[in-house]
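Here is what each chain is made of, one letter per residue.
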Amino acid sequence: MPNSQDRRVAVVTGASRGLGKGIALALGDAGYVVYVTGRSVDPGAHDLGGTVGETARLVTERGGTGVAVACDHRDDDAVAALVAQVRSEQGRLDVLVNNAFAVPDEVTAGGGFWEKPLDAVMMFDVGLRSTYTTTWHATPLLLASAERAPLVVNISGFGATCYLHGPAYGAVKAGVDKMTHDMAVDLDGRGVTVVSLWPGLLRTERTMRVVDADPTLYEASLPIMEHPELTGRAIAALDAVPADAKLARSGRALIGAELAVELGVTDVDGRVPVSRRTLLGGPRGYSEAVVR
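Please read these numbers as outputs of a predicted model, since none were measured by experiment.

Engineer: If you had to explain unusual backbone geometry to someone new, which residues and values would you point to?
Structural biologist: For Ala-149, which is not a glycine, the phi torsion comes out positive at approximately 55°. A relative accessible area of 14% means that Ala-149 is categorised as buried. Positioned with a positive phi, His-165 is a non-glycine residue whose angle comes to about 65°. As for its position among the elements, His-165 is in the loop between β5 (151–155) and α5 (167–187). Classification of His-165 as partly exposed rests on a relative accessible area of 32%.

Engineer: Lay out the pairing of strand β6 (residues 193–198) in plain terms, naming residues and giving numbers.
Structural biologist: Sheet faces and side chains relate simply in a regular strand, where the side chains alternate between the two faces. By the criterion of burial, β6 is predominantly enclosed, with six of the six residues buried. The alternating pattern of β6 places Thr-193, Val-195 and Leu-197 on one face and Val-194, Ser-196 and Trp-198 on the opposite face, and all of these are buried. Here five bridges tie β5 to β6, and the two strands are oriented parallel to one another. Looking at β6, one finds that Leu-151 is bridged to Thr-193. At this point the chain moves from β5, through α5, to the parallel β6, and the crossover so formed is right-handed. In this structure, β6 lies alongside strand β7 (residues 253–255), joined through three bridges in parallel fashion. When the bridges of β7 are listed, Ser-196 appears paired with Ala-253.

Engineer: Got a sec to walk through the side chain of Asp-94? Specific residues and values, please.
Structural biologist: Tracing the sequence through the fold places Asp-94 in the loop between α3 (76–90) and β4 (95–98). Setting aside chain neighbours within four positions, we find Asp-94 in contact with Arg-7, Arg-8, Val-9, Arg-148, Pro-150 and Leu-151.

Engineer: Explain empty space enclosed by the protein to me, and be specific about the residues and the numbers.
Structural biologist: Over the atoms rolls a probe the size of a water molecule, and its path tells where empty space is left. Scanning the model with the defined rule gives one cavity of 30 Å³ or more in all. Its boundaries defined by the atoms lining it, the largest cavity holds a volume of some 30 Å³. Lining the largest cavity are Val-11, Leu-82, Val-83, Val-86, Leu-93, Leu-96, Thr-134 and Ala-138. Counting residues per element, the ones that place at least two in the lining of the largest cavity are α3 and α4 (122–144). Per-element tally for the lining of the largest cavity: the top contributor is α3, with three residues. For the lining of the largest cavity, the class distribution of residues is seven nonpolar, one polar and no charged.

Reading guide: rules and limits
- Residues numbered from 1 in each chain as written.
- Predicted model: local features only at pLDDT ≥ 70, side-chain atom pairs only at ≥ 80, totals over all residues.
- Heavy atoms only, no water.
- Buried < 20%, exposed > 50% of the residue type's maximum accessible area, 1.4 Å probe, protein only.
- Helix = DSSP H or I, 4+ residues; strand = E, 2+ residues; numbered from the N terminus.
- Pairing = 2+ DSSP bridges.
- Right-handed = clockwise from strand over helix to strand, strands pointing away.
- Contact = heavy atoms within 4.5 Å.
- 1 Å grid on protein atoms, 1.4 Å probe; cavity = no way out; pocket = protein on both sides within 12 Å on 5 of 7 lines; lining within 4 Å.
- Points joined across faces, edges and corners; volume = space filled by probe spheres on them.
- Nonpolar A, V, L, I, M, F, W, Y, C, P; charged D, E, K, R; others polar.

It is worth stressing that arrangement in space is one thing and function is another; only the former is reported here.
Structure below.
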């Protein structure tokens with residue numbers, strides 16, 4: 001595809017559906033070139049629907065330029081090829097959103113961790129490891145774009161500090177936050193901002209399937225549920241602030257609803273988002289010590 005010099009270039013991982021799709025569409029609204037990655041290529045192959053091609057097409061329809069890239073983020077060679085494609089076609093990378101996450105359905109079921117299938121460990125591969133490896137491959141390209149104040153957003157969540165879906169899920173989210181902090185230490189002074197972002201309860205296909213099965217159980221939560229595009233709107237707004245203001249947030253875990261309010265972003269229906277901090281807690285800090 002032709003190089004688009006006048007547009008910000010983004011990669012959104014795991015964007016066939018759910019939060020990743022919402023982020024990609026919001027960046028499309030803002031005019032980005034968006035590389036949409038994921039494993040879903042054939043329509044109907046996943047029970048929740050969605051493909052990388054469909055998301056890319058919608059990004060383009062909404063004013064951006066969508067580029068579909070089939071990528072299994074467990075495969076380091078595939079990730080390397082993704083970054084090589086972006087380098088070849090665009091020559092730069094402005095925004096990397098590490099959203100890819102594999103969550104077995106059983107993780108959200110009741111019971112202790114030992115009573116659930118061991119395949120919960122897939123979250124360490126696509127969720128924690130994938131965030132590291134994708135950023136590792138992409139960082140040289142981000143550094144080459146340093147004059148454009150590039151941004152890395154690692155999707156994390158409240159499970160980093162409260163019990164949510166069990167120890168494997170929590171360990172992944174806590175690990176993503178600490179990884180973000182340490183990446184920011186290594187990137188300090190190099191012009192690249194890296195943050196973790198915590199969405200609230202999302203209106204994804206997976207969540208709404210659960211809600212639709214028992215609407216009364218979730219009746220109280222529906223008014224404050226976030227549309228997946230809210231996170232993308234907040235990311236676009238953060239990417240648009242001056243470089244110094246962006247870099248001042250590097251290494252931090254940010255609650256998406258709070259960032260949106262701070263930057264004047266509303267949800268797709270015009271609602272002002274509500275932070276879940278009071279109910280679930282908030283991000284915790286780290287020592288300022290650096291041992292190399």
